[in-house]
Every structure is written in structure tokens, then in C-alpha cells.
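Structure assessment
Chain residues, written in single-letter form:
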Amino acid sequence: MAARPGVKQRAASRAPALDRKAALLRRGERLEAISVAYNAVEGMIVVGAGLGAGSAALLGFGGDSLIEVTSAALLWWRLRSARRGSTARQEEQTEHRASRWAGGLLMLLAAGIVVEAGRQLVMRQEPAASALGMLVTGLSLVVMPFLAREKLKLSKALNSPALRADAHEQVACAWLSGTTLAGLSLNAALGWWWADPAAALCMVPWIAREGWTAWRSGESGAEAR
């Protein structure tokens, strides 16, 4: 039996919206793939430089990069599953799970920075200068704001708290890049050894707040089911 005209019209009206959502999801997948590749390389380089220089700020920054790899991989999986035709319920469950993971990783990062920066302040450990660390953090000041801006736009278009949390990890990385670079520069130029761990600690309240917000978003969604 032929479909009624009203059914055909509704199906036709839904098609552009579905096509637009699929395009947004594909763009999100590409952004997350870029995030995984960039942060993996950045993290390995910066952690090595941080260990060599004894820098809390570099180690915190490198830890953030490695956490972002996990977060971006989770979001890639979430976006890909949505594009490949998961049901609305499955998509909602994946979203809440990704939100909790992203939030938990942000809070883990905040705790790690506090421990390492606090240790260096108590021990009065003076980090060595790191030209490589300064180079990589400077590059991230360009790359991270771009990724954050694009992900924030997508999170609004897709109504995704998990993607918003992931975007804020990029924002945190950009701010950490700036504070880390400032700490490294002040230590190298003026011998202010405390500037390095102090720079790392400046971002802890903001990172922890965003992590808690993302975690609660995931928890609230899970309780509502």
C-alpha cells in the first residue's frame, strides 16, 4: 500500500535535519581524531621534558595532554556510535557515560597537579630551564584554543554535555599552556623557582569545577533513566 502524503512529507522534512546532524557528528569525529593524535605526541614530549627539568608545571601539562587523549577517544566513540545509527536511548546512555568519564578525568588532573606542585613547593625544588617545554607549550597556545572553540560550537549544536566537558579540557590545556610557559619563562629569566609550581596551581580550581559539573551531568542523566 502506498504511503500517505502526510507520512512522505514528514519523512522528507526530517531528512535535512538528519543529514545536518550526521555532518556535525562527522566533524566532531575529525576534531577528536586530531585531538588524540596531537595530545598523544604533545604528552610524550612534555612529560619527558618535565622529568628532565624537574618541572611540576610541565609534568602537570603533560598529564593533562595524556588525559585529553583518553577523553578525546571516548568522545570519538560517542560521536561515532551516534552517527552509525544508535537508538535515542543508547545515544543518551553513551552521552552520560562519556560525561562521567570526562568529568572524572578532569578531577583526576586537578588532584595530580596539587600533589606534584605541592611537593615541589615544600621541597623547594628548583626546576631546570627547558627550551623544548617552552616550545611545545607555545605551540599549544595556538592549537588548543582552535580545538576548544570548534568543540564548544559543536557541543551547543548537538546539545552534548560530554562534548562541552571535552572542549573545556582543551580550554584548560590552553590556560595551562600559558601558565606553564609563564612559569618556565620566569624561572629561566629571573630564577623564580616557585613560579613553576605556582603557575600549575592557578588552574586547579577551574579544572576541578568543570570536572565536577561534567560528572554531575552524567550522574543526573543516569539517575533520570
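Model, not experiment: these values are computed from the prediction.

Looking only at helices and strands, the protein has seven helices and zero strands in total. In the protein, which comprises 225 residues, the share counted as buried stands at 45%. Within the protein, contacts between residues at least 6 apart in sequence are counted, and of these 81% link residues at least 24 apart. Within the structure as shown, the protein displays about 11100 Å² of accessible surface, and the carbon and sulfur contribution to it stands at 65%.

With 30 residues, helix α5 (residues 161-190) should cover 44 Å at 1.5 Å per step; its first-to-last C-alpha distance of 42 Å lies within 8% of that length. Where α5 begins, the side chain of S160 points an oxygen toward the backbone nitrogen of L163, at a separation of 3.0 Å. The positive-phi residue at the C-terminal boundary of α5 is G191, with phi of around 75 degrees.

Attention shifts here to the pattern of salt bridges. Charged atoms that come close allow side chains of opposite charge to pair. Tallied over the entire structure, the rule returns five salt bridges. One salt-bridge network, in which partners are shared between bridges, spans R27, E150 and K153.

As for its placement among the helices and strands, E42 is situated in helix α1 (residues 5-53). Of the side chains bearing the opposite charge, K151 lies closest to the buried E42, which forms no salt bridge; the N-O distance is 11 Å. In this structure E42 touches F61, S65, V136, S140 and C173, once residues within four positions along its chain are discounted.

The next thing to look at is the confidence of the model for the protein. For the protein, the mean per-residue pLDDT works out to 79, and 88% of the residues sit at or above 70. Model confidence for the protein, summarised as mean pLDDT per element, is weakest for helix α7 (residues 204-224) at 74 and strongest for helix α4 (residues 131-158) at 91.

Bringing the nonpolar core into the picture now. Counting 37 residues, the largest nonpolar core has L109, I113, M144, L158, L176 and I207 as the members making the most contacts within it. Counting residues per element, this core draws most heavily on helix α2 (residues 56-83), at eight residues. With near-sequence residues (within four places) excluded, L109 lies in contact with G60, G63, D64, I67, L176 and I207.

A few words now on the environment of E32. On the secondary structure map, E32 appears in helix α1. Here the alpha-carbon distance between E32 and L74, two residues 42 residues apart in the chain, equals 8.9 Å. Contacts of E32, omitting those with residues within four sequence positions, involve A72, L75, W76, L79, K151, L163 and D166. In terms of polar contacts, E32 uses its side chain to reach the side chain of K151, at 3.1 Å.

The rules behind each value
Residues numbered from 1 in each chain as written. Predicted model: local features only at pLDDT ≥ 70, side-chain atom pairs only at ≥ 80, totals over all residues. Heavy atoms only, no water. Helix = DSSP H or I, 4+ residues; strand = E, 2+ residues; numbered from the N terminus. Buried < 20%, exposed > 50% of the residue type's maximum accessible area, 1.4 Å probe, protein only. Contact = heavy atoms within 4.5 Å. Areas by Shrake-Rupley, 256 points an atom, 1.4 Å probe, with all protein chains shown as cover. Expected span 1.5 Å × (residues − 1). Polar contact = N/O pair within 3.5 Å; in protein donor to acceptor, adjacent residues only side chain to side chain. Salt bridge = Lys/Arg side-chain N within 4 Å of Asp/Glu carboxyl O. Lys, Arg positive; Asp, Glu negative; His and termini not counted. pLDDT = per-residue confidence, 0-100. Core = buried A, V, L, I, M, F, W, Y, C linked by side-chain atoms within 4.5 Å.

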